[in-house]
Amino acid sequence: MTQAIAPITNTTPQPPNQSATGQIATNSVQPEVLQAIAKAKAKPEIVWESLPKNFILPDDPVESIAQPLLAAALNDSLEIAQLVTLERIVASNMALVVRINQKTIVKAPDWFYVAKVNSTWKNVIRRSYSPHVDGDTPAIAMEFLSEEETGEYSTRPTYPYGKMYFYEQILQIPIYVIFDPEDGRLEIRQLDASGKYILQSLDENGRYFIESIGLYLGTWYGTRLDQTFHWLRWWDNAGNLLLWGSEKLAQERQLLEAEKQRAEAEKQRAEAEKQRAETEKQRAETEKQRADEAEQEILRLKQLLAEK
């Protein structure tokens, strides 16, 4: 008699609460873990508000001597070109303020630019800037790299939030610049239609045209205030470098010296012309005197002939 054979089944032991596909059943995960995962994936609750009066701003020291100098140099040339007005803000290490998930968050870019801001009371000094409350969203934010990694590339989506995530996803700043003054590496990212930063290509001169400010941004290696490294500079549409105040002063001194030399040369030319005219006058007077003497001699000779 043939004996029936039982069908072969998978005898590999399965972990508790785990399906054959290897996925862990959700009922095995602690509720607080699921809540943390859901919170991390959830869109943050954003409230645009001014800095609370009792909020103590962080007093972190700058990370290198280059950072404040770079920011000041950018401002200097814009001021000389009369591109800094009352309706605009160019600032460095000033707090950008927003409330996220019921927490006041501040980030202080090394440099940022706002094209349109609301007016303030006379002599009021801004200690912070809140987009949508104090004016437009900043059009440009810049971070200058130091020797240590400080989160310029961080996309951390939870508190305290990475800088790139904060500028891209929270503030949605159109242009984000990362610059390394040591090797001159310049990275410019621009928000695309999907709200993501896309690294932009520089032109043949290593510059990028920023429409919101109407200027090209690029790098320049040289010395300012006895500090020699790579600097960020502005150029206009015609390719002219926007000068710093010290360069403008040096240029004006050169022009003044050239004008002084031109005036001195003109004075010498005028003196030479005067001397030539004086010489010509003396020559004419001498010629006249000779002519008079010749005419008198002729008269004398005529008288002698008449007497004979």
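Whatever comes next refers back to the structure up there.
Note that this is a predicted model, so its numbers are computed, not measured.

Caption draft 1: Inspection of helix 2 (residues 66-80) at higher detail. End to end, helix 2 covers 21 Å across 15 residues, agreeing with the expected 21 Å (1.5 Å per residue, within 8%). With 11 of 15 residues buried, helix 2 lies mostly within the body of the structure. Residues of helix 2 that are buried: Ala-66, Gln-67, Leu-69, Leu-70, Ala-71, Ala-73, Leu-74, Asn-75, Asp-76, Ser-77 and Leu-78. Of the residues one or two after helix 2, Gln-82 is the one with positive phi, at around 60°.

Caption draft 2: The arrangement of the sheet that holds strand 8 (residues 175-180) in detail. Pairing within the open sheet is mixed, and its 6 strands lie in the order 2-5-7-8-9-10. The open sheet is flanked by strand 2 (89-91) and strand 10 (197-199), the only strands paired with a single partner. Pairs of neighbouring strands in the sheet enclose a mean axial angle of 15°, with direction left out of account. Sitting on the sheet, helix 2 is in contact with strand 2, strand 5 (111-114), strand 7 (140-144) and strand 8, with an inclination near 145° to strand 7. In the packing of helix 3 (residues 163-170) onto the sheet, the strands contacted are strand 7, strand 8, strand 9 (185-191) and strand 10, and the crossing angle to strand 8 comes to about 160°.

Caption draft 3: Up close: the environment of His-230. Examined against the element boundaries, His-230 turns out to sit in strand 13 (residues 227-235). Residues His-230 and Leu-70, spaced 160 residues apart in sequence, show a C-alpha to C-alpha distance of 9.2 Å. Here His-230 is in contact with Leu-70, Phe-179, Pro-181, Glu-182, Asp-183, Gly-184, Trp-220 and Tyr-221, once residues within four sequence places are set aside.

Caption draft 4: Quick look at the pairing of strand 12 (residues 215-224). Bridge analysis of strand 11 (residues 208-210) against strand 12 gives 3 bridges, and the strand direction is antiparallel. Within strand 12, the position partnered with Ile-210 by the bridge is Leu-215. In sequence, strand 11 turns back onto strand 12 through a hairpin of 4 residues, with Gly-214 there showing a positive phi of about 70°. Summarising the sheet, strand 12 and strand 13 pair through 9 bridges and their orientation is antiparallel. Residue pairing in the sheet places Leu-217 in a bridge with Trp-234 of strand 13. In textbook terms, the turn of a hairpin is the stretch between consecutive antiparallel strands, and for strand 12 and strand 13 this stretch comprises 2 residues, one of which, Leu-225, has a positive phi near 55°.

Conventions used here
- Residues numbered from 1 in each chain as written.
- Predicted model: local features only at pLDDT ≥ 70, side-chain atom pairs only at ≥ 80, totals over all residues.
- Heavy atoms only, no water.
- Helix = DSSP H or I, 4+ residues; strand = E, 2+ residues; numbered from the N terminus.
- Expected span 1.5 Å × (residues − 1).
- Buried < 20%, exposed > 50% of the residue type's maximum accessible area, 1.4 Å probe, protein only.
- Pairing = 2+ DSSP bridges.
- Axes fitted to C-alpha atoms, helices over the stretch in contact; angles between N-to-C directions.
- Contact = heavy atoms within 4.5 Å.

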